[in-house]
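Letter by letter, the chains look like this.
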Amino acid sequence: MLDRLDIVNFKAFASAAIPLGAFTLLSGLNSAGKSTVLQSLALLRQSQVAGLLDGSAGSGFLLNGELVELGTGRDVLHENHIDTGGEGPQIVLSVVEDGVIQTWTAAYGQENDLLHLDSGTTHRPAGLFGPNFQYLKADRLAPAVSYPRSHEIAVRRGFLGCRGEHAVNFLRHRQDERLASPRLHHPEARSASLLDQTDAWMQEICPGVNLQAATIEGTDLVRLGYRIGVAGLPTALSHRPTNVGFGLSYVLPIVLACLSAVPGSLILLENPEAHLHPRGQTVMATLAAAAVAAGAQLIVESHSDHVLNGLRLAVKRGTLADSAVKLLYFQRQRDGIEVLNPMLGPDGMISDWPSGFFDEWEHSLDQLLG
Ligand SMILES: Nc1ncnc2c1ncn2[C@@H]1O[C@H](COP(=O)(O)OP(=O)(O)OP(=O)(O)O)[C@@H](O)[C@H]1O
Ligand SMILES: [Mg+2]
């Protein structure tokens, strides 16, 4: 498991040490550096997958690739970069996994989108560079009539795509596979198969929904059908995603990422709450907590107090130990970004609630009552 991420001179941060837990929730105002944390991990992974972190000549940080498109060195070097002792400006990313620190240092190249590696460690963090990695960004694929059918990405690599574009094909291919961990089982599901479990969780998120993923004969595409009825009653006609609304299409990849969690998985989720109604957000957070209980590490950026509350409930119900959770609150200060770490107790209560940390509800209530 990743215990910490250190970032020097990368995008929003001059220097930051980000503590990580089995479930890390990144919160804070817009532009506070939360996505930068996810992007720095994604940058390391995409550079590694391209074979560019082995320290050989020509190795380095690949700024534009499958996971992130960050532009040039000029875009990613922190504008008030600090001196790291190299010949020129450097970007340094380190991860601590199970107590072992691994550091990669790249030289700045103004117009380059491959930043040359000055030094790097050969030890490889298992979750970050391993096969069970998912990274789902905030702007996921809008509902579509059909979805790509890539054997390489969805079937061989089991990757859902950063925008969830391979989720339907992933589900089609693995629908009969049993979930790895009973901790992820939904009590109402017909069986332990991925399709029945996905269906049950989707139904809890949006009561009455039923899923069907199938290939479109003679094409490289797959399609998804939703039957939507009243919960508990036989469902009606199958609708295409474009006629169903954004929420279900947006949450499906999140559900699949969580249900496919195995020990050692690393799952990065950016605003998983997007387009979901409040109760669905809380249920989704409960599922995410179950993925951590099943052995995955999750790092989740969220603006949703329903996600926070889902996590608190999971701790209170005993799905997750309070020690497994890191709540991080990012706030800009004059001299950089401060990362606060409010503590969560075993009863789901938070001590030393920082000002600005999911407290808007209370502010509004004070004004309404005042
Ligand atoms: N090269 C750079 N130097 C300094 N700051 C940068 C650089 N590149 C990006 N930033 C800053 O990073 C911020 C964006 O950070 P990030 O996307 O991580 O925020 P966020 O907390 O995820 O925001 P949101 O809640 O809107 O998703 C912007 O304010 C931008 O000013
Ligand atoms: Mg963000």
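What you see is a predicted model, and the numbers here were worked out from it, not measured in a lab.

## Concerning the coordination of the magnesium ion (ligand 2)
- The magnesium ion (ligand 2) binds to the protein through Ser35 (OG) and Glu301 (OE), with metal-donor distances spanning 2.0 to 2.2 Å. In this pair, Ser35 is assigned in helix α1 (residues 34-49) and Glu301 in strand β14 (residues 297-301), connecting sequence segments 266 residues apart. Each member of the pair, Ser35 as well as Glu301, is classed as buried.

## Re the site of ligand 1
- The environment of ligand 1 is made up of 18 residues, and the closest members are Ser31, Lys34, Ser35, Thr36 and His303.
- Between ligand 1 and Asn30 there is a distance of 2.9 Å, counted from an oxygen atom to a side-chain nitrogen or oxygen.
- The fraction of the free accessible surface of ligand 1 (660 Å²) that becomes covered by protein chains is 74%.
- Of all the elements in the fold, those that place two or more residues in the shell around ligand 1 are α1 and α2 (73-76).

## Considering the UniProt feature "domain: DUF3696" (unreviewed entry) in the protein chain
- Residues annotated in UniProt with the feature "domain: DUF3696" (unreviewed entry) correspond here to residues 323-368.
- Helix makes up 20% of residues 323-368 and strand 39%, and the two end C-alpha atoms of the span are 36 Å apart.

## Let's talk about the packing of aromatic side chains
- Using the criterion set out here, one finds five aromatic pairs in the structure.
- Seen in terms of ring centroids, Tyr329 and Phe357 are 5.7 Å apart; in terms of plane orientation they differ by 75°. Their pairing is edge-to-face. Note that Tyr329 is positioned in strand β15 (residues 325-333) and Phe357 in the loop between β18 (350-351) and α10 (360-369), a separation of 28 residues in sequence. Each member of the pair, Tyr329 as well as Phe357, is classed as buried.
- Measuring from centroid to centroid gives 4.9 Å for Phe357 and Phe358, while their planes differ by 75°, and the two rings are edge-to-face.

## Concerning the UniProt feature "transmembrane region" (unreviewed entry) in the protein chain
- Per the UniProt record, the feature "transmembrane region" (unreviewed entry) sits at residues 12-29.
- Helix makes up 0% of residues 12-29 and strand 72%, whereas the separation of the span's terminal C-alpha atoms amounts to 13 Å.

## Let's talk about the domain arrangement of the protein chain
- For the protein chain, the assigned domains are domain 1 (1-130 + 303-370) and domain 2 (133-302).
- With centres defined by C-alpha atoms, the gap from domain 1 to domain 2 works out at 25 Å.
- Taken together, the contacts link 35 residues of domain 1 with 32 residues of domain 2.
- Interface area, domain 1 with domain 2, both sides summed: about 2700 Å², of which 63% is carbon and sulfur.
- Taken together, the connections running from domain 1 to domain 2 amount to one salt bridge.
- The interface formed by domain 1 and domain 2 contains 15 residue pairs in polar contact (both at pLDDT 80 or more).
- Sorting the residues of the side of domain 1 that touches domain 2 by element identifies β3 (23-28), α1, α3 (126-129) and α9 (305-316) as the ones contributing at least two each.
- Element by element, the count of residues in the side of domain 1 that touches domain 2 is highest for α1, at seven residues.
- For the side of domain 1 that touches domain 2, the per-class residue count stands at 19 nonpolar, 12 polar and four charged.

## Quick notes on the pairing of strand β5 (residues 90-97)
- With eight of eight residues buried, β5 is to be regarded as a mostly interior element.
- Where β5 meets strand β6 (residues 100-107), eight bridges bridge the pair, whose relative direction is antiparallel. From the neighbouring strand, Glu97 faces β6, where its bridge partner is Val100.
- The loop that links β5 with its antiparallel partner β6 comprises two residues; one of these, Asp98, has a positive phi angle of about 45°.

## Quick word on the sheet that holds strand β13 (residues 266-270)
- As summarised here, the arrangement of the six strands in space is β8-β13-β14-β3-β15-β16, forming an open sheet in which the pairing is mixed. Where the open sheet ends on each side, the last strands, each with one partner, are β8 (133-136) and β16 (336-340). Averaged over neighbouring strand pairs, the angle between their axes works out to 15° when direction is ignored.
- Pairing of β8 with β13 involves four bridges; the strand directions are parallel. Bridge assignment links Gln134 to a residue of β13, and that residue is Ile267.

## Some thoughts on unusual backbone geometry
- Despite not being glycine, Lys11 has its phi angle at roughly 45°, a positive value.
- For Lys11, the position within the fold is in the loop between β1 (2-10) and β2 (13-19).
- Residue Lys11 is classed as partly exposed on the basis of its relative accessible area of 29%.
- The backbone phi angle of Phe358 is positive, close to 45°, even though this residue is not glycine.
- Position of Phe358 among the secondary structure elements: in the loop between β18 and α10.

## Comments concerning the pattern of salt bridges
- One pass over the structure, following the stated rule, counts seven salt bridges.
- A salt bridge links Arg157 to Glu66; the nearest nitrogen and oxygen atoms lie 2.6 Å apart. Separated by 91 residues along the polypeptide, Arg157 in the loop between α4 (151-156) and α5 (167-174) and Glu66 in the loop between β4 (60-62) and α2 bring together distant segments of the chain.
- Where Arg163 meets Asp139, a salt bridge forms, and the shortest distance between an N and an O atom there is 4.0 Å.

Calculation notes
Residues numbered from 1 in each chain as written. Chains lettered and ligands numbered in written order. Predicted model: local features only at pLDDT ≥ 70, side-chain atom pairs only at ≥ 80, totals over all residues. Heavy atoms only, no water. Donors = N, O, S within 2.8 Å, 3.2 Å for Na, K, Ca; no water. Helix = DSSP H or I, 4+ residues; strand = E, 2+ residues; numbered from the N terminus. Buried < 20%, exposed > 50% of the residue type's maximum accessible area, 1.4 Å probe, protein only. Near = heavy atom within 4 Å. Polar contact = N/O pair within 3.5 Å; in protein donor to acceptor, adjacent residues only side chain to side chain. Areas by Shrake-Rupley, 256 points an atom, 1.4 Å probe, with all protein chains shown as cover. UniProt positions renumbered as here; feature names shortened; annotations may be inferred. Phe/Tyr/Trp six-rings, centres within 6.5 Å; stacked < 30°, edge-to-face > 60°. Domains from an automatic or database assignment. Contact = heavy atoms within 4.5 Å. Buried area = accessible area lost by both parts, 1.4 Å probe. Salt bridge = Lys/Arg side-chain N within 4 Å of Asp/Glu carboxyl O. Nonpolar A, V, L, I, M, F, W, Y, C, P; charged D, E, K, R; others polar. Pairing = 2+ DSSP bridges. Axes fitted to C-alpha atoms, helices over the stretch in contact; angles between N-to-C directions.

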